[in-house]
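Residues per chain, in single letters:
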Amino acid sequence: MSHRRFSSTAFSTAALLTLALGAGAVYAQSAPETPQPSPKARADQRVGITDFSIEYSSPAVKGRAIWGALVPFDSLWRTGANMATKLTASRDFSFGGKAVPAGSYSIFTIPGKSSWTVILNSNWEQGGTDEHDDKLDVARITVTPETMSSSRERLTFLYADTTDASTNLDLEWEKLRVRVPITVDTKAQVMKGIDSSIADAWRPHFMAARYLLDNNGDMNQALAYINTSIGIQPGWWNNWIKAQVLAKLGKKSEAIASAQQSQTLGKGNETYAFFSDQIAKSIEDWKK
């Protein structure tokens, strides 16, 4: 019978390796979380019915000269630290007088002694100026910086003087404020929503009538629902439901008339084509 032998050197090496790996795992698990030099920040604001959010990393002054030094004049700046600052709007808006579609954008600036250029770029997933492409700029505006009476240690974005139709997006850092006016056509947005809701009001009455029809409910109530639906927006779909309700109520001649109206309104409709044979057959059956 043979036995394997391990040298003391091999054993010592293996033991040390095991201890080292174990110590590394313990260290990785117990490493403390520390503050970031430029922590993430976010500011949200609803303007009328439009939601705005801005996400950025916020560097601190830390006793340093900022404007014209840490942030050079007349050079493109990602306007924050780490990744480029990201602005998101849920609806179309105006950025400093420039019309911009709803969506997400990166914010770049070109700081100057007496004026700043503020840029919205459609590539919002970029790290900094080396990735910036002028061709993707959707808005470029010029604003005049303001001097604040008190100093702000960390770069901060905030909204000011918000109404139902406008707000100001302010960048504040050290003793400087840069303001960009943002407007939204809230009245037009609300009216569009109202028009859409009214135009779609046929649907709940149609669904209620169809449910009663399919589940042997109160046909008189179903008829009331479907008449309301047709009154809002007549179509082949609600006239066909009405025809079936009328047939269940024993009103065959009225059912035929409603089914024929469905045929007239359904011409050229792709969905109607799937039901056309069924409607035609029902008319023939009711005539008998």
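In the block above lies the structure referred to throughout.
Residues numbered from 1 in each chain as written. Predicted model: local features only at pLDDT ≥ 70, side-chain atom pairs only at ≥ 80, totals over all residues. Heavy atoms only, no water.

Draft legend 1. Representation of the nonpolar core. Of all hydrophobic cores here, the largest spans 34 residues; its most connected members are I54, F93, F95, L120 and L169. Among the elements that line this core, the one with the most residues is strand β10 (residues 166-183), at seven residues. Ignoring sequence-local partners within four residues, the contact set of L120 consists of L87, F93, F95, V100, Y105, S106, I107, L136, D137, V138 and A139. Within the second largest apolar cluster, 24 residues are counted, among which are W202, L223, V245 and A259. (Core = buried A, V, L, I, M, F, W, Y, C linked by side-chain atoms within 4.5 Å. Buried < 20%, exposed > 50% of the residue type's maximum accessible area, 1.4 Å probe, protein only. Helix = DSSP H or I, 4+ residues; strand = E, 2+ residues; numbered from the N terminus. Contact = heavy atoms within 4.5 Å.)

Draft legend 2. Region of the structure containing the sheet that holds strand β2 (residues 50-57). If you trace the six strands from one edge of the open sheet to the other, you get β1-β2-β3-β6-β7-β8, paired in antiparallel fashion. Of all strands in the sheet, those with a lone pairing partner are β1 (40-47) and β8 (137-143), marking the two edges. Ignoring which end each strand starts from, the neighbouring axes of this sheet average 20° apart. In the sheet, β2 pairs with strand β3 (residues 85-89) via four bridges, with the strands oriented antiparallel. Bridge assignment links E55 to a residue of β3, and that residue is K86. (Pairing = 2+ DSSP bridges. Axes fitted to C-alpha atoms, helices over the stretch in contact; angles between N-to-C directions.)

Draft legend 3. Structural view of the sheet that holds strand β4 (residues 93-95). Strand order in the open sheet formed by four strands is β5-β4-β10-β9, and the pairing between neighbours is antiparallel. Strands at the two margins of the open sheet, each flanked by one partner only, are β5 (98-100) and β9 (146-160). For this sheet the average axis-to-axis angle between neighbouring strands, irrespective of direction, equals 40°. Across two bridges, the pairing between β4 and β10 is antiparallel. Across the sheet, residue S94 finds its bridge partner in β10, namely T183.

Draft legend 4. Highlighting the pattern of salt bridges. For the structure shown, the criterion picks out 14 salt bridges. D285 serves as the salt-bridge partner of K281, at 3.1 Å between the closest nitrogen and oxygen. Of this pair, K281 and D285 both sit in helix α7 (residues 270-287), four residues apart, which is roughly one turn of the helix. In this structure K281 comes out as exposed when scored by relative accessible area, which is 53%. For D285, a relative accessible area of 37% translates into the label partly exposed. Here the residues in one salt-bridge network are E146, R152, D161, D170, E172, R177 and R179, joined through shared partners. (Salt bridge = Lys/Arg side-chain N within 4 Å of Asp/Glu carboxyl O.)

None of the figures reported here should be taken as evidence of function without further support.
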